[in-house]
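# Observations on the model geometry
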Amino acid sequence: MKEYVRILLFSFVTSLLIFIGKNKVPLQFLIDQDIVSEEINMDLFQTWLFFTGIAVSGLWIPIQYAKLKNKTSAQFSIFNDLLAYNKENHFKHLKESIKERNSEFSTRIFKPEGGIIGWWNKQINKSVTLKLIHLEGISDTFHYRNLQFEVRKNEAEGLIGKAYAEEALCVDFDLTSNNYFMTKAQQSKLGNVRFCSAIPIYNNKQSKIIAILAVDSDSQMTFDEEKRKKWEEQMIYYAAFVDKHINI
Amino acid sequence: MSSQQSSNKSGTAKLSKNKTQKIEKGILRKMVSNRDVYLAKEIKKYNNIKVIYD
């Protein structure tokens, strides 16, 4: 709050300087009140006030803004590196616990479409579109620019749609054996993905799903009861970790 | 000096792969015990989550 007041006050003062520099009424008022001497050269004084106002608002404020933006972006970069490091550690531990040290896992985040289109689809078409988004430090590279799954009243596309519709942690060991109402285009984009697991991420009140976290792999896997327990535990930890650090 | 370590002339010790793995495992174990507390609020959301295997 203090910072808001400081910036607003500073901006107001510079605007006031420009205003006095272009308008004789305020300066005349100050002379009438004996605050400013009558002997002052009004035109020269106004010119100085005007250029001071211009210099501050045209140079000082933009420089401060640029400095702040650079600082924020540097801090974001450090934060993203830290996220990526934690993610790497998490997967190291996960692979260790399920004895799949050589398998590679990828993370994807899907977000329900918002805005007017999202609202329209939900209210009128009774459907939700889950769109792939990229979150720095968490999401892995996906070769296609977009991938989306639709959740309708009686069918949910993909394991992602299923996790959303059922509000469940879903695991499929062999995606090629299940179609999940997916279109040919969606199947082709998934390419060689064999294993997939998806879990919903909730808002703070736990009243709404704000995203679906998916972890997939090209390797086919089979889990016994013990590995299943460990996988569930790790997925919940990972979802909680993403939930805590990402503002979706 | 331990058989798992070697040192160069400047006196800095280079850890063997085995030792590095042990240290990594130790760090991971510590990390796991800390994250329960750190992520407690978020983990609570998944207390009764349904699990579906296909």
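Nothing here was measured: the structure is a model prediction, and the numbers come from that model. (Residues numbered from 1 in each chain as written. Chains lettered and ligands numbered in written order. Predicted model: local features only at pLDDT ≥ 70, side-chain atom pairs only at ≥ 80, totals over all residues.)

Time to look at the nonpolar core. One broad trend across soluble globular proteins is that nonpolar side chains are buried collectively. All names here are of chain A. The biggest cluster of nonpolar side chains holds 38 residues, and the ones touching the most others in it are Phe110, Ile160, Ala198, Ile212, Leu213 and Ala239. The set of elements that each furnish at least two residues to this core consists of β1 (106-112), β2 (128-133), β3 (148-151), α5 (158-166), β4 (168-172), β5 (195-202), β6 (209-217) and α7 (225-245). Ranked by residue count, the leading element in this core is α7, at nine residues. Aside from chain neighbours lying at most four places away, what touches Ala198 is Leu159, Ile160, Ala163, Cys170, Ile212, Leu213 and Ala214. (Core = buried A, V, L, I, M, F, W, Y, C linked by C-beta atoms within 7 Å. Buried ≥ 20, exposed ≤ 12 C-beta atoms within 10 Å, placed from the backbone. Helix = DSSP H or I, 4+ residues; strand = E, 2+ residues; numbered from the N terminus. Contact = placed C-beta atoms within 7 Å.)

Here the focus is the sheet that holds β2(A). Taken in spatial order, the seven strands make up an open sheet running β3(A)-β2(A)-β1(A)-β6(A)-β5(A)-β4(A)-β3(B), and their pairing is mixed. Both outer strands of the open sheet, β3 of chain A together with β3 (50-53) of chain B, are each paired with one neighbouring strand and no more. Pairwise comparison of adjacent strand axes, ignoring direction, gives a mean angle of 20° for this sheet. Pairing geometry for β4(A) and β5(A), over three bridges, is antiparallel. When the sheet's bridge partners are listed, A:Cys170 is paired in β5(A) with A:Ala198. Lying on the sheet, α7(A) is in contact with β4, β5 and β6 of chain A together with β3 of chain B; it crosses β5(A) at an angle near 45°. (Pairing = 2+ DSSP bridges. Axes fitted to C-alpha atoms, helices over the stretch in contact; angles between N-to-C directions.)

Attention shifts here to helix α3 (residues 42-98) of chain A. Relative to the 84 Å expected for 57 residues at 1.5 Å per residue, α3(A) spans 82 Å between its end C-alpha atoms, a close match to the ideal helical length. The largest bend along α3(A) reaches roughly 30° and is located at A:Val56. Of all the residues in α3(A), the buried ones are A:Gly53, A:His90, A:His93 and A:Leu94. Where α3(A) is buried, its residues contact α1 (2-22) and α7 of chain A together with α1 (17-38) of chain B. (Expected span 1.5 Å × (residues − 1). Bend = angle between axes of the 7 residues up to and from the residue.)

Attention shifts here to α1(A). Spacing of three or four residues puts side chains on the same side of an α-helix, whose turn is 3.6 residues. Compared with the 30 Å implied by 1.5 Å per residue over 21 residues, the 31 Å span of α1(A) between its first and last C-alpha is a close match. Counting buried residues along α1(A), only one of its 21 residues qualify, which leaves the element largely exposed.

Let us look at the packing of α1(A) against α3(A). Residues and elements named next belong to chain A. Packing of α1 against α3 leaves a shortest axis separation of 7 Å and a crossing angle of 150°. Taken together, the axes of α1 and α3 are roughly antiparallel relative to one another. Seen along the crossing, α1 lies across α3 with a hand that is left-handed. Residues Thr14, Leu17, Ile18, Ile20, Gly21 and Lys22 of α1 pack against Gln46, Thr47, Leu49, Phe50, Thr52, Gly53, Ile54, Val56 and Ser57 of α3. (Parallel < 35°, antiparallel > 145°, perpendicular 65-115°, else oblique. Left-handed = near helix turned anticlockwise from the far one by under 90°.)

Attention shifts here to the packing of α3(A) against α7(A). All names here are of chain A. Two elements in contact, α3 and α7, have axes separated by 10 Å at closest approach and are oriented at 170°. Judged on the interaxial angle alone, α7 and α3 are roughly antiparallel. Touching Leu83, Asn86, His90, Leu94, Ser97 and Ile98 of α3 are Lys227, Lys230, Trp231, Gln234, Tyr238, Phe241 and His245, all from α7.

The next point concerns the interface of chain A and chain B. Across the boundary between the two partners, chain A contributes 21 residues, which contact 15 residues of chain B. Elements with a minimum of two residues in the side of chain A that touches chain B: α3, β4 and α7 of chain A. Looking at which element gives the most residues to the side of chain A that touches chain B, the answer is α7(A), with eight residues. Here the side of chain A that touches chain B is composed, by residue class, of 10 nonpolar, four polar and seven charged. Two strands pair when backbone bridges link them, and β4(A) and β3(B) are joined in this way by four bridges, in the parallel orientation. When the bridges of β3(B) are listed, A:Val171 appears paired with B:Tyr53. (Nonpolar A, V, L, I, M, F, W, Y, C, P; charged D, E, K, R; others polar.)

Before going further, it helps to spend a moment on the environment of A:Lys92. All names here are of chain A. Within the fold, Lys92 resides in helix α3. Judged by C-beta crowding, with 16 C-beta atoms within 10 Å, Lys92 ranks as partly exposed. Expressed as a C-alpha distance, the spacing of Lys92 and Gly21, which sit 71 residues apart in the sequence, is 65 Å.

Bringing the confidence of the model for chain B into the picture now. Close reading of the predicted structure is inappropriate where its pLDDT is low. Residue and element names in this part refer to chain B. Confidence along chain B averages 78 in pLDDT terms, with 80% of residues attaining 70 or more. Mean pLDDT values for the elements of chain B range from 52 in strand β1 (residues 5-7) up to 94 in β3. Listed scores for the predicted complex are pTM 0.77 and ipTM 0.75. (pLDDT = per-residue confidence, 0-100.)

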